[in-house]
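Spelled out from the first residue to the last, the chains are:
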Amino acid sequence: MDSFDPGKVAVRSGHFIDGKYIDEGTRKLQVVRPSDGVVYASVPVANAEMTDRVVENTWTAWRSSGWGQIAPRERARVLRRFADLVAADVETLAPLEALGSTRPIREAAAWDVPFTAEGIRFYAEFADKIGGDVAATDHDHLGMTIAEPYGVVGAIAPWNFPLVMASWKLAPALAAGNAVVLKPSETTPFSVLRLAELAVEAGVPAGVFNVIQGDGHTTGDALVRHPHIAKVTFTGSTRTGAAIMAACAESGTKPVTLELGGKSPQVVFADAPRLDDVARRIAAAVAGNAGQVCVAGSRLLVERSIAEELAERIEWIFAELRAGATWSSGTTLSPIISETQAARIETIVQRTVASGATLRCGGHRADGESGGAFYFPTILCDVNEQSEAVREEVFGPVLTLQTFDTEAEALALAQHPDYGLAAGVHTADLGLALRFVRGIEAGTVWVNRYGRTSDFTIPTGGFKRSGIGKDLGRQAYEANLRFKSVLIDMRS
Ligand code: NAD
């Protein structure tokens, strides 16, 4: 699938609660298509009272359905069916995802939807694999840890990969036997509704996975504070993550998983093999989804002797990208999510230039010919650690370029004072790569590649202000369980 007619995509709005669409809310928010800036639907906002009611109902459904108590193998079977339905629904889900987000249809169909399905399948397979342990104790006692679901998990997702980010939250939570109330971003609220519909079709009991709509300050805040929310899992900005952590502390010291922002370095040493490939990786890591990726490799650190050669190649690749609507077949540069965000990118670039940086390319809007906001991939040189574009997460296709002469200098530049989400190192020297892996403060380090593969086994999550805990991997599954310790005295 590489194009579609935006006028022909059926969009169902509302909340999805107890297996039904519900259009309740004291007010509505208009929802805009990033590709052309057109308001194409509206979404109701659940106020605090409604959010409380939905959480109560979810808790009741969780208990009455026995979702947390059925044989784990049976839960796995239902979730595998859910994964199959998602994969088979690509013709509906991919255009729905592409229509309201920044995901070009080709990528939504070839990656976002299958990746969402596979993520659900991956966690389905965990359902009957982790039940607890027998502890090593003295001979007279039997010690055990029993893995139990929390109950109701509150999940809050961002807009940049609406389906995939939501699936990383809901799949491990459901597989572990929890119920989930998911609040998608108010910017991209619709595709996950279809996901919830398919969950019920697969056999997830109605009411065990609910989607509630609204903005962060109203619905999101009420959700995380509800006493029946036993765990919170969030992906979004560092600032919101801190507010959610505070709300969790104030409302019951709830465990919280936070996947937050980043400002990730890509370090290229002069011996890096195949410079053309390196350039392609670096360009893709900052221009993919127009840089609206948490792990965007937005800080290029390159050994001085190859800096010019590499920058030139990246510039050529950038020049070939074609801005356009997510529904057009030739689009290789995504729209920016909103006019406000495009203006923010513009301002950061302008201020960085005003503070002494040089524009190697870009620094201006791109014409996507569809009416949305687009930004031309940009390289900023002559920057330092104080430059705004080096310090701040831009969330746009903006690459800063700094040079180094020594390994120690490269490592020092790679560390960010606040963020530690991901990093890339490109070199033919294994020892050097491993020293870098050891030295860098980042939750993920890629060597001679950049970005995730479809190995769900590898967890993702940040250090420092990039977050707490992990999505993906066994770790995300275990984070949705609480472990009860039991000690039995066998002498009585
Ligand atoms: P955001 O923080 O503005 O919003 C994320 C979600 O939080 C939305 O659903 C929003 O409605 C909700 N929210 C806002 N305020 C809230 C509050 N006070 N209480 C509860 N919920 C609230 O982030 P965004 O703009 O949607 O997403 C972009 C950010 O997400 C970037 O910083 C990016 O790096 C980060 N991100 C991180 C990862 C990761 O895995 N680390 C992945 C994707 C995106």
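Given the structure is predicted, the values throughout are model-derived calculations rather than measurements. (Residues numbered from 1 in each chain as written. Predicted model: local features only at pLDDT ≥ 70, side-chain atom pairs only at ≥ 80, totals over all residues. Heavy atoms only, no water.)

Notes on the environment of T406
Note that T406 resides in the loop between β16 (398-404) and α13 (407-414). Residue T406 is classed as partly exposed on the basis of its relative accessible area, which comes to 39%. (Helix = DSSP H or I, 4+ residues; strand = E, 2+ residues; numbered from the N terminus. Buried < 20%, exposed > 50% of the residue type's maximum accessible area, 1.4 Å probe, protein only.)

With respect to the pairing of strand β7 (residues 152-156)
Within β7, five of the five residues are buried, which leaves it mostly tucked inside the rest of the structure. The alternating pattern of β7 places V152, G154 and I156 and V153 and A155 on opposite faces, both of which are buried. Here β7 pairs with strand β8 (residues 179-183) via five bridges, running parallel. Residue pairing across strands places V153 opposite V180, the latter belonging to β8. In this region the chain leaves β7, passes through helix α5 (residues 162-175) and returns to the parallel neighbour β8; the handedness of that crossover is right-handed. (Pairing = 2+ DSSP bridges. Right-handed = clockwise from strand over helix to strand, strands pointing away.)

Focus: the UniProt feature "domain: Aldehyde dehydrogenase" (unreviewed entry) in the chain
Following the UniProt record, one finds the feature "domain: Aldehyde dehydrogenase" (unreviewed entry) at residues 23-486. Helix makes up 41% of residues 23-486 and strand 20%, and the two end C-alpha atoms of the span are 46 Å apart. (UniProt positions renumbered as here; feature names shortened; annotations may be inferred.)

Comments concerning the nonpolar core
F82, V86, Y123, L170, L182, F209 and I244 are the most contacted members of the largest nonpolar core, which has 100 residues in total. Looking at which domains feed residues into this core, each of domain 1 (6-260 + 467-485) and domain 2 (265-457) supplies at least three. Those residues in contact with L170 that lie beyond four places of it in its chain are F82, V180, L182, L195 and F209. Counting residues in hydrophobic clusters, the runner-up holds 22 residues, among them V278, L300, I306 and F318. (Core = buried A, V, L, I, M, F, W, Y, C linked by side-chain atoms within 4.5 Å. Domains from an automatic or database assignment. Contact = heavy atoms within 4.5 Å.)

What to know about the domain arrangement of the chain
Bring the parts together and some accessible area is lost; that lost area is often taken as the interface size. Looking at the chain, the domain boundaries give domain 1 (6-260 + 467-485) and domain 2 (265-457). Taking the mean C-alpha position of each, domain 1 and domain 2 sit 30 Å from one another. Listed as interface residues are 29 residues of domain 1 and, on the opposing side, 29 residues of domain 2. Looking at the side of domain 1 facing domain 2, the largest losses of area belong to S35, T102 and W159, adding up to 23% of the total buried there. The tally of links between domain 1 and domain 2 comes to zero salt bridges. Where domain 1 packs against domain 2, one counts 13 residue pairs in polar contact (both at pLDDT 80 or more). The set of elements that each furnish at least two residues to the side of domain 1 that touches domain 2 consists of α3 (90-100) and α4 (105-124). (Buried area = accessible area lost by both parts, 1.4 Å probe. Salt bridge = Lys/Arg side-chain N within 4 Å of Asp/Glu carboxyl O. Polar contact = N/O pair within 3.5 Å; in protein donor to acceptor, adjacent residues only side chain to side chain.)

Here we look at the sheet that holds strand β12 (residues 265-268)
Overall, mixed pairing links the seven strands, which are arranged β14-β15-β16-β13-β12-β18-β19 in an open sheet. The sheet is open, and its two borders are formed by β14 (358-361) and β19 (444-447), each paired with just one other strand. For this sheet, the mean angle separating the axes of adjacent strands, direction not counted, is 25°. When β12 meets strand β13 (residues 299-303), the two strands line up parallel, connected through four bridges. Across the sheet, the residue bridging to V267 is L301, located in β13. Contacting β12, β13, β16 and β18 (422-426), helix α9 (residues 275-287) runs over the sheet at an angle of about 170° to β12. In this fold α13 packs onto β12, β13 and β16, with an angle of close to 150° to the strand it touches most, β16. (Axes fitted to C-alpha atoms, helices over the stretch in contact; angles between N-to-C directions.)

What to know about the UniProt feature "active site" (unreviewed entry) in the chain
Residues given the UniProt feature "active site" (unreviewed entry) here are E259. A relative accessible area of 7% means that E259 is categorised as buried. Excluding residues within four positions of it along the chain, E259 makes contact with K169, F234, T235, G236, T460, G461, G462, S466, G469, K470 and D471.

Concerning the site of the ligand
For the ligand, the set of nearby residues contains 27 residues, the closest of which are E186, S237, T240, L260 and E393. Contact distances for the ligand include 2.7 Å between an oxygen atom and a side-chain N or O atom of E186. G216 is positioned such that a nitrogen or oxygen atom in its backbone is 3.4 Å from an oxygen atom of the ligand. Starting from 860 Å² of accessible surface for the ligand in isolation, the protein chains cover 90%. Those elements giving two or more residues to the shell around the ligand turn out to be α7 (216-225), β10 (229-235) and α8 (238-250). If one sorts the elements of the shell around the ligand by residue count, α7 sits on top with four residues. Looking at the shell around the ligand residue by residue, the classes come out as twelve nonpolar, ten polar and five charged. Each of two domains, domain 1 (6-260 + 467-485) and domain 2 (265-457), supplies a minimum of three residues to the shell around the ligand. (Near = heavy atom within 4 Å. Areas by Shrake-Rupley, 256 points an atom, 1.4 Å probe, with all protein chains shown as cover. Nonpolar A, V, L, I, M, F, W, Y, C, P; charged D, E, K, R; others polar.)

Some details on the environment of E392
Within the secondary structure layout, E392 lies in the loop between α12 (388-391) and β16. C-alpha separation for the pair E392 and E24, spaced 368 residues apart in sequence, amounts to 38 Å.

Description of the pairing of strand β3 (residues 27-32)
Sheet topology note: the β3/strand β4 (residues 39-45) ladder contains six bridges and is antiparallel. In the strand pairing of β4, L29 is matched with V43. Hairpin connection between β3 and β4: a loop of six residues separates the two successive antiparallel strands, and G37 in this loop has a positive phi of roughly 70°.

Some details on the packing of α7 against α8
Close contact between α7 and α8 brings their axes to 8 Å; oriented N to C, the two are set at 40°. In the crossing of α7 with α8, the sense of the turn from one axis to the other is right-handed. When α7 is examined against α8, the residues D221, V224 and R225 are found in contact with a partner set consisting of I244, A247 and E250. Considered class by class, the residues forming the contact of α7 with α8 number three nonpolar, no polar and three charged. (Left-handed = near helix turned anticlockwise from the far one by under 90°.)

Some details on the sheet that holds strand β6 (residues 141-149)
Spatially, three strands are ordered β5-β6-β22 in an open sheet, and the strand pairing comes out antiparallel. The sheet terminates laterally at β5 (132-135) and β22 (481-489), the two strands that pair on one side only. Geometrically, the sheet is characterised by an average inter-axis angle of 15° between neighbouring strands, direction not taken into account. As judged from the nine bridges shared by β6 and β22, these two strands associate in the antiparallel manner. Paired with E148 across the two strands is R482, which belongs to β22.

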